[in-house]
Amino acid sequence: MIDKKRFFKAAMVAGSVLLSTQAMAETQETYQSWLNNFKVAAAKSGISAKTLEATLTGLEPNQRVLELDRRQPEFSLTFWKYINNSISEKRIKRGRDLLKKHAKLFEQVHKKYGVQPRFLVAFWGLETNFGDYTGVFPLIQSLTTLAHDERRREFFTKQLMTALEIMDDGHIPYDVKASWAGAMGYCQFMPTTYKAYAVDGDGDGKRDMWQSLPDVFHSAANFLSQSGWQPGETWGREVKIPKGFNLDLAGLGIKKNLADWAKLGVVKVDGKALPVADMKASVILPAGYKGPAFLVYENFRTILDWNRSNFYAIAVGHLADRLVWKGPLQTPQIKETPLSRGQALLIQQRLNEKGYDVGKPDGIAGSRTRKGIKAFQKSMGIPADGYPSVELLELLK
Ligand code: CA
């Protein structure tokens, strides 16, 4: 789902927050007056009376959307759980079939935008299981609900206004359905992404993200191309880092030439030398130093423009590899106990108590928390990968 940088998508076991009847009644009242004000603003900004009448009449806030927006994951998703959920044999097989079936279209798109077909199919598979799940929530109802809600009013008001503009131009029907957060079609574009990057691939004058595969893939490739996709380069690769590797060099903040990484002892996961190419790359350790290591290139960063999650970007890259018959990840999978939200909070609390200022505990391992963990690990003389785990919590006790 493009443009969901602000959404935290690690929900596994989702605890939902039920709104009380009274809160619901209050929400409805303020929603109606908010909606009236919004209508005036939308008319002023040029949305036609016809579109406003057709989309904003008789609307009520969608409580389910608010519940989904407020859910807090009870457990963090471990790397392997995420990868195994995202990349099944079934999905790989279906992706390979689709790659073959639509080869001609993919080749045209590849030629025009420089994005290799395997990546387009990987996004398609991960976003909606190849179009199976494009969302069942009426778009305008969700967007008005979220735009009225105070949590991300500015962001969703913009999405709502843009959705109405797109409808006004006749590209999508008034009653279109999307994800609860307003992501649309086979590749889950948010309205602003649609407006900026969607392309009419089949030349029928419309940009249809549901029915027209040419529109979908031209649009996805257009987004990637304009976000800096490097034609002819891949996303990255699984590598091995040597014993004693300086863990401060891991992370997207550090870019080095492949030759420099080779000098530092980084090799392909099968032990062979890294390719010789003039490319900058970063080493990332998404599951800490005990997990797999990846050397990631510029296109990995472009995948992060689609969805700002390292797990997601690795899943896209790895699924793309599997579609062209590359093998599974080589690092042995370890059974890791997922960190509960309470435990994550406790880690942050303990770090603060020990003088590593990681800010107000929120249960999310952001860069400040990781920095604090690293400093603590260094003080203990253990590998400082900044990775939060149950083991780490034990050490902090
Ligand atoms: Ca079209």
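**Remarks on unusual backbone geometry**
Even without being a glycine, asparagine 129 presents a positive backbone phi close to 50°. Within the secondary structure, asparagine 129 is located in the loop between α7 (117-128) and β3 (137-138). Although it is not a glycine, tryptophan 325 sits at a positive phi angle of roughly 70°. By the secondary structure assignment, tryptophan 325 is in the loop between α14 (310-323) and α15 (341-353).

**Section: the environment of valine 65**
Assignment of secondary structure puts valine 65 in helix α3 (residues 63-70). Sequence spacing of valine 65 and aspartate 362 is 297 residues, and the spatial spacing of their C-alpha atoms is 22 Å. Once residues lying within four places of it in the same chain are set aside, the contact partners of valine 65 are Phe137, Ser142, Thr145, Leu146 and Trp180.

**Considering the pairing of strand β8 (residues 280-284)**
Within β8, four of the five residues are buried, which leaves the element mostly enclosed by the surrounding structure. As judged from the two bridges shared by strand β6 (residues 256-257) and β8, these two strands associate in the antiparallel manner. Opposite asparagine 257, over in β8, you have lysine 280 as the bridge partner. Bridge count between β8 and strand β9 (residues 293-296): three bridges; the pairing is antiparallel. Each residue of the ladder has a partner; that of valine 283, found in β9, is leucine 295.

Rules of the game
Residues numbered from 1 in each chain as written. Predicted model: local features only at pLDDT ≥ 70, side-chain atom pairs only at ≥ 80, totals over all residues. Heavy atoms only, no water. Helix = DSSP H or I, 4+ residues; strand = E, 2+ residues; numbered from the N terminus. Contact = heavy atoms within 4.5 Å. Buried < 20%, exposed > 50% of the residue type's maximum accessible area, 1.4 Å probe, protein only. Pairing = 2+ DSSP bridges.

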